[in-house]
Amino acid sequence: MTIKCPVENMVDSYKMGMNQLHNHNMFEDSPTEVLMSYSNFTPRKNAYFTFSEHSDGKLINFGQSHTMQYVHDMYEIFFNTPAEVVEDRLVVLLEAHYGGNAHREHGKFIADVLNLHELAFLPIEFRCPDEGIRYPIGLPMFTLKNTVDGFGWLVNNLETLVSTLSWPMINTATSVDQFYQQAKYYGEQSTPKEVLDAWLPISNHLFEYRGMFGPEHAARSAACHAIPFIGSDTVPVIPFLQQYYGYKPKEDAPVCVSIRATEHADITRLLSEFRYRGITEDTECEVIKRLAETTTGMFGYVADSENYYRTISEYALRNKDTILSRKDGDNGLPAKWVWRPDSARLSPLEVICGLRVASTEYTTDGSTIEDIIHTAVADGCWEKPDVYQVDGKFYEVKVVYNSDGSVEGHNGYIEIDPLEVKGSLQILWEVFGGDVVDTLAGKMKLINSKVGLLYGEAISQSLQKAIYERMIALGFSVSNLVIGKGSYSNLAGNTRDSFYMSFKQTFSLAKIDGEIVNLEQQKIPLGDVSKKSARGLLMVDEDFNLHQGVDEETEKQGILTILYKNGTFHKSQTIFDIKENYFK
């Protein structure tokens, strides 16, 4: 059930108490009346975000159309609600929150809200750059001012709502850009162009829906993903883009595509059913066979319900002919059987690429395995391998290192399955084969196009980079892998403080002693100069220079153009307009 919260209550507490300062008589017989307030929303610095080395270090501007449409729609409900209902519910909220008598203690706020209701439109002007462009840190992402005298209180009252709608989409679009830039760079290094062009839009597939803070959060995040990518399992992004960004599913190119795929509930049930029916030996091999025989086109098989490495090696080999003879789908998608590991004791990097083996192979030759392991660990301290090979077997050792990198000793060892050492890519290459192609990085393997690999488990930006680099080092094009991008990469450290996002008032128009006065405002904190605000009316020119303290005519120039004014939208961008800006 959707939370029912009236828009006049979508504020921080202190926003409901400062209206009285817009009309005051602190100086005897010298009243002040604030006519207009002007504020801006600015990412002041990069405080906690990590840009990819392949990024230009700029933000991806996105989300303002959604923000203002959301605000507009909420206020349309407000304006269409009877005034007495608005007043009654506001009084109930104020007294529940602050105590006391709402009319006596918050009469000015109540009166201002009812005056806005009587006006019946939002008397504001919202300016912003076009969405999809790369935008430098330190410049205002949007400005906001009131257009009717006496509604200056509304500008900063809206701060809470427009901020909480805006910064997550800017942050997330910028985060998604890092994943795209890395995929693009390593793809160009290791992949023929014709393969790269088809792979890049789906190279990072969104799997984060269930890990987000509800459907609206998931849809907003997926819209950010949809700027450079089209692979996504977050279905609600389609109606979201229809509602806010002019998407027409029947006419436009796809923005959210996926394939038919199994989950553990399906495979474990089929395993149980097949065993009930008497197929008790190599049950999963038979499940794979039946599914390969009865499906067409692209099909995802979650392969770790029991023994992942046996599934993609022995069972894959026994079903090789059936898998490779599958037919294209009726929807036009080619036949491709996609293996999906989902959980393992190893990291995604190790599951995909295998384990690094010490460069020296050892034999016991009369010595104990413990003695050989100790020697191997001492010899290999400089390369820090994942496993050591002794008598043709592989051992994972819990090595203890000193602070200088030398080996202190070890805390035991276990024998490792050779398939874990090989990793998924090498196993699939040995089973299904493929082509060796020339690339900028040298000769690279492309696994048979009828087979694919998709994996995603807490894939961070740094892990994506490590996976791609290890793949290339092993001679595999990065296009052999589709990364499943979950909520971890979105939520980890994604806050308003990542870029010190701040909504600050920099100008007021006031009547003092009957005279109209321009009041330029500026925050200049003593301790942290990075939190110093801009001053006065602002303009950002075509070269991304910020001009402060400008006059009203200059403020209308530059790239901050009117998106919304007095209840009407003045510009509209579709998701494809945004994509075009992004790819310029």
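Look up: the structure comes first, before these words.
Sequence order as written defines residue numbering, which begins from 1 separately in each chain. The predicted nature of this model means local features are confined to residues of pLDDT at least 70 and side-chain atom pairs, given and counted, to a pLDDT of 80 or more, with totals for whole chains, interfaces and linings taken over all residues. Water and hydrogen atoms play no part in the side-chain values, which are based on all heavy atoms of the structure.

1. Comments concerning the sheet that holds strand 9 (residues 298–302)
Reading across from one edge, 7-18-17-10-9-8 is the order of the six strands in this open sheet, with parallel pairing throughout. Among the strands making up the open sheet, the edge pair consists of strand 7 (204–206) and strand 8 (260–261). For two strands to pair, DSSP has to find at least two bridges joining them. Strands are runs of DSSP state E lasting at least two residues, helices are runs of H or I lasting at least four, and both sets are numbered from the N terminus onward. Relative to strand 18 (residues 481–485), strand 7 runs parallel, the two sharing three bridges. Paired with Leu206 across the strands is Lys485, a residue of strand 18.

2. What about the pattern of salt bridges?
Oppositely charged side chains may form a pair once their charged atoms are brought near each other. By definition, a salt bridge exists where a carboxyl oxygen of Asp or Glu is found within 4 Å of a side-chain nitrogen of Lys or Arg. One pass over the structure, following the stated rule, counts 32 salt bridges. A salt bridge links Glu8 to Arg89; the shortest N-O distance between them is 2.6 Å. With Glu8 in the segment before strand 1 (23–24) and Arg89 in helix 2 (residues 83–98), the pair connects residues that are 81 residues apart, well separated along the chain. Here Arg89 falls in the partly exposed class, since its relative accessible area comes to 24%. Salt bridges linked by common partners bring Glu125, Arg127, Lys145, Glu555 and Lys565 together as one network. Under the scheme applied here, a residue whose accessible area is under 20% of the maximum for its type counts as buried, over 50% as exposed, and between as partly exposed, the area being computed with a 1.4 Å probe on protein chains only.

3. Quick notes on the packing of aromatic side chains
Stacked, edge-to-face and tilted are the three classes for Phe, Tyr and Trp ring pairs, Trp counted by its six-membered ring, which pair at centre distances within 6.5 Å; planes under 30 degrees apart are stacked, over 60 edge-to-face, the rest tilted. Summed over the entire model, instances satisfying the criterion amount to 29 aromatic pairs. On the basis of an interplanar angle of 85° and a centroid distance of 5.8 Å, the ring pair of Tyr135 and Phe544 is categorised as edge-to-face. Here Tyr135, found in strand 5 (residues 134–135), pairs with Phe544, found in the loop between strand 21 (538–540) and strand 22 (546–548); they are 409 residues apart in sequence, far enough to count as distant. Centroid distance Tyr301 to Trp339: 6.0 Å. Interplanar angle 80°. Geometry classified as edge-to-face. Of this pair, Tyr301 sits in strand 9 while Trp339 sits in strand 10 (residues 336–340), placing them 38 residues apart in sequence. Overall, Trp339 belongs to the buried group, its relative accessible area being 0%. By the ring-pair criterion, three or more aromatic residues cluster together here, those being Phe41, Phe126, Phe142 and Phe503. Charges are assigned to positions over rings by a cutoff of 6 Å between ring centre and Lys NZ or Arg CZ, combined with an angular limit of 35 degrees from the ring normal. The ring of Tyr582 has Arg134 lying over it, and the distance from NZ or CZ to the ring centre is 4.9 Å. Of note, Lys445 hangs over the ring of Phe476, and the distance from its end group to the ring centre comes to 4.9 Å.

4. What to know about the side chain of Glu159
Secondary-structure assignment places Glu159 in helix 6 (residues 159–190). By relative accessible area, which is 16% here, Glu159 ends up buried. We define a polar contact as two N or O atoms separated by no more than 3.5 Å, with the added condition that, inside protein, one atom must be a possible hydrogen donor and the other a possible acceptor, whereas residues neighbouring each other in sequence contribute only through side-chain atom pairs. Within the structure, Glu159 has its side chain in polar contact with the side chain of Lys15 (distance 2.5 Å). Excluding anything up to four places from it in sequence, Glu159 contacts Tyr14, Lys15 and Phe503. Note on definitions: a residue-residue contact is assigned when non-hydrogen atoms from the two residues lie within 4.5 Å.

5. Structural notes on unusual backbone geometry
Of note, Asp391 is a non-glycine position whose phi angle comes to about 55°, a positive value. Tracing the sequence through the fold places Asp391 in the loop between strand 12 (387–390) and strand 13 (393–401). Judged by relative accessible area, which is 41%, Asp391 ranks as partly exposed. Backbone geometry at Tyr500 places phi at a positive 50°, although glycine is not the residue there. Assignment of secondary structure puts Tyr500 in the loop between helix 18 (487–491) and strand 19 (501–512).

6. A short note on the packing of helix 10 (residues 264–276) against helix 11 (residues 283–294)
Fitted lines through C-alpha atoms serve as axes, helices being fitted only where they are in contact, and the angles separating the N-to-C directions of these axes extend from 0 to 180 degrees. Between helix 10 and helix 11, the shortest axis-to-axis distance is 9 Å and the interhelical angle comes to 110°. Judged by the inter-axis angle, helix 10 sits roughly perpendicular to helix 11. Facing helix 10, whose interface residues are Ile267, Leu270, Leu271, Phe274 and Arg275, helix 11 presents Thr283, Glu284, Glu286, Val287, Arg290 and Leu291. Looking at the contact of helix 10 with helix 11, its residues break down into six nonpolar, one polar and four charged. Each angle receives one of four descriptions, namely roughly parallel if under 35 degrees, roughly antiparallel if over 145, roughly perpendicular if within 65 to 115, and oblique otherwise. Under this grouping Gly is polar, as are all residues other than the nonpolar Ala, Val, Leu, Ile, Met, Phe, Trp, Tyr, Cys and Pro and the charged Asp, Glu, Lys and Arg.

7. Points about the pairing of strand 6 (residues 142–146)
For strand 6, the tally of buried residues reaches five of five residues, placing the bulk of the element in the interior. Because side chains alternate across strand 6, one face comprises the buried residues Phe142, Leu144 and Asn146, and the other comprises Thr143 and Lys145, equally buried. Two strands pair when backbone bridges link them, and strand 2 (residues 32–43) and strand 6 are joined in this way by four bridges, in the antiparallel orientation. Note on strand 6: the bridge partner recorded for Ser39 is Leu144. Across four bridges, the pairing between strand 4 (residues 124–128) and strand 6 is antiparallel. Residue pairing in the sheet places Glu125 in a bridge with Lys145 of strand 6.

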